[in-house]
Amino acid sequence: MVVAHGIDPSVLDLPDDPRVRVVEVSRNVGKPGAAFNEGVREVTAPWLGIMGSDDWFEDGALDLMMTHLKQDGADGVIAPLRPDHLSANVVLPVTSRQRNLRGAKDRLFHRTAPLGLFRTEILQNPDYSFDEDVVSGEDLKTSTRLWTSGISISYYASDPAYVVGSDASSRVTTIEKPLSEHMAALSDLWESDLINSLSIRERQDLAEKIFQVSVVPLFQDRRSREDWGQGDFEWLCDLVAQMQGKAQGFDQGFTRTWNAILVSLLERDFNASMGVIANSRYLDNRLPARVAGLVHRHSWWRKELRRKRVSARVQKERSRSSGGDHVSSNR
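Report follows, based on the coordinates. For clarity, every value in this text was computed on a predicted model and none was experimentally measured. (Residues numbered from 1 in each chain as written. Predicted model: local features only at pLDDT ≥ 70, side-chain atom pairs only at ≥ 80, totals over all residues. Heavy atoms only, no water.)

A separate point is the nonpolar core. Counting residues in each nonpolar core, the largest one holds 75 residues, and the members touching the most others are Trp190, Phe211, Phe219, Trp228, Leu236 and Leu265. The element that contributes the greatest number of residues to this core is helix H8 (residues 200–221), accounting for eight residues. Beyond its immediate chain neighbours, meaning those up to four positions away, Trp190 contacts Ile195, Arg203, Leu206, Ala207, Ile210, Leu239, Gln242, Met243, Lys246 and Ala247. (Core = buried A, V, L, I, M, F, W, Y, C linked by side-chain atoms within 4.5 Å. Buried < 20%, exposed > 50% of the residue type's maximum accessible area, 1.4 Å probe, protein only. Helix = DSSP H or I, 4+ residues; strand = E, 2+ residues; numbered from the N terminus. Contact = heavy atoms within 4.5 Å.)

This brings us to the sheet that holds strand S7 (residues 116–119). On the basis of which strands lie adjacent, the open sheet formed by four strands has the order S3-S7-S5-S8 and mixed pairing. Bordering the open sheet on either side are strand S3 (47–48) and strand S8 (153–155), each of which pairs with just one other strand. Taken together, the three bridges between strand S5 (residues 76–78) and S7 define a ladder with antiparallel strand orientation. In the strand pairing of S7, Gly76 is matched with Phe118. Sitting on the sheet, helix H2 (residues 61–72) is in contact with S3, S5, S7 and S8, with an inclination near 40° to S7. (Pairing = 2+ DSSP bridges. Axes fitted to C-alpha atoms, helices over the stretch in contact; angles between N-to-C directions.)

The next thing to look at is the environment of Ala104. Tracing the chain through its elements places Ala104 in the loop between strand S6 (81–83) and S7. Considered as a pair, Ala104 and Ile122 are 18 residues apart in the sequence and their alpha carbons are 21 Å apart.

Let's shift gears to the layout of surface pockets. The space that makes up the second largest pocket amounts to roughly 770 Å³. Along its surface, the second largest pocket is lined by 34 residues, and His110, Gln212, Lys303, Glu304 and Arg307 are the ones closest to its centre. Taken together, the elements giving at least two residues each to the lining of the second largest pocket come down to H8, helix H10 (256–266) and helix H12 (300–321). Considering each element in turn, the lining of the second largest pocket owes the most residues, seven residues, to H12. Of the residues assigned to the lining of the second largest pocket, the class counts are eleven nonpolar, twelve polar and eleven charged. (1 Å grid on protein atoms, 1.4 Å probe; cavity = no way out; pocket = protein on both sides within 12 Å on 5 of 7 lines; lining within 4 Å. Points joined across faces, edges and corners; volume = space filled by probe spheres on them. Nonpolar A, V, L, I, M, F, W, Y, C, P; charged D, E, K, R; others polar.)

Let us now look at the pattern of salt bridges. With the rule as written, the count across this model stands at 17 salt bridges. Across the pair Arg82 and Glu58 runs a salt bridge, and its minimum N-O distance is 3.0 Å. One end of the pair, Arg82, is in strand S6; the other, Glu58, is in the loop between strand S4 (56–57) and H2, with 24 residues separating them in the sequence. Note that Arg307 is salt-bridged to Glu304, the shortest N-O span being 2.6 Å. Placement of the pair is Arg307 and Glu304 together in helix H12, with a separation of three residues, close to one helical turn. According to the relative accessible area criterion, Arg307 is partly exposed, its value standing at 35%. Where salt bridges share partners, they join Arg27, Glu38, Arg41 and Glu132 into one cluster. (Salt bridge = Lys/Arg side-chain N within 4 Å of Asp/Glu carboxyl O.)

In this section: the pairing of S7. Direction of pairing for S3 relative to S7: antiparallel, over a ladder of two bridges. Across the sheet, Trp47 pairs through a bridge with Arg119, a residue of S7.

All right, on to the sheet that holds strand S9 (residues 162–164) then. Strand order across the open sheet formed by three strands is S4-S9-S6, with mixed pairing between neighbours. Edge positions in the sheet fall to S4 and S6, since each has one partner strand and no second.

This model, assessed by the stated rule, comprises twelve aromatic pairs. Aromatic rings pair up to connect Phe211, Phe250, Phe254 and Trp258 into one cluster. It is Arg222 that lies over the ring of Trp228; its NZ or CZ is 5.2 Å from the centre. The lysine or arginine in question, Arg286, covers the ring of Tyr282, its NZ or CZ lying 3.9 Å from the ring centre. (Phe/Tyr/Trp six-rings, centres within 6.5 Å; stacked < 30°, edge-to-face > 60°. Lys NZ or Arg CZ within 6 Å of the ring centre and 35° of its normal.)

Here's what the structure looks like:
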């Protein structure tokens, strides 16, 4: 099924195949959640998966996921990921387990988009609907609920991958907007009842992931006052204060650099925030701000050792299954 969101289906380059069905959606153009929800509602098959317009599966990926679903008795299988410019899968989440994954235990929060295959009845449940009011992060609440719902989720990191394409010259999620609009899904999440339903460890892991993936890169990309729009910094300070209030302790494994950014945001000190990345040294990005942070599950050292161990295993398994070569990928 192809969802034509705010565009004329006649301009789409689609295969001449009776199995291909086009669904037109005209509401909430520029907000991907509307397209995903409409597509999910129209599915009649027992299993479904969502896919971006420039992405594809490697050969054999769908067949193997269906095999895992049946053999594991799972409610869903999340696919390995591979950006199209890389030859190897990105190990995400970093876990050595393959069945009955859990949000905090298996670091599932680092996988925001629920890419893979799930029981249709699950994703058609309104509790798991995508947010139609945001321009990005429409899947944040959906995946947070999925990863903490107790359903059975499998993940085989060495399998053929879901390939994240880069064909589009400008995706909706990459267009410059005020942070209050571009990252609205984050503040909406932390203001929601969903957060209050999570355990403290789940909230801590979710907050740590957001800080790593969404907050820190802002300071790596925006090095001067001119790079920040009006109200952006203040909005970000409010977001971090929300996370600190509802997920106290999420910073216990932070590096010196991350901790300095966090402190500057909590103190709402823009100049201090701007100076953190500029003044950070190699060890500041690796050594913990607290001695106890060396052994914390969020410490840079533990995460890096775990990533290398799991990546080595995945590469060995992938090489074995492909006779020493990477699995070829074709659209």
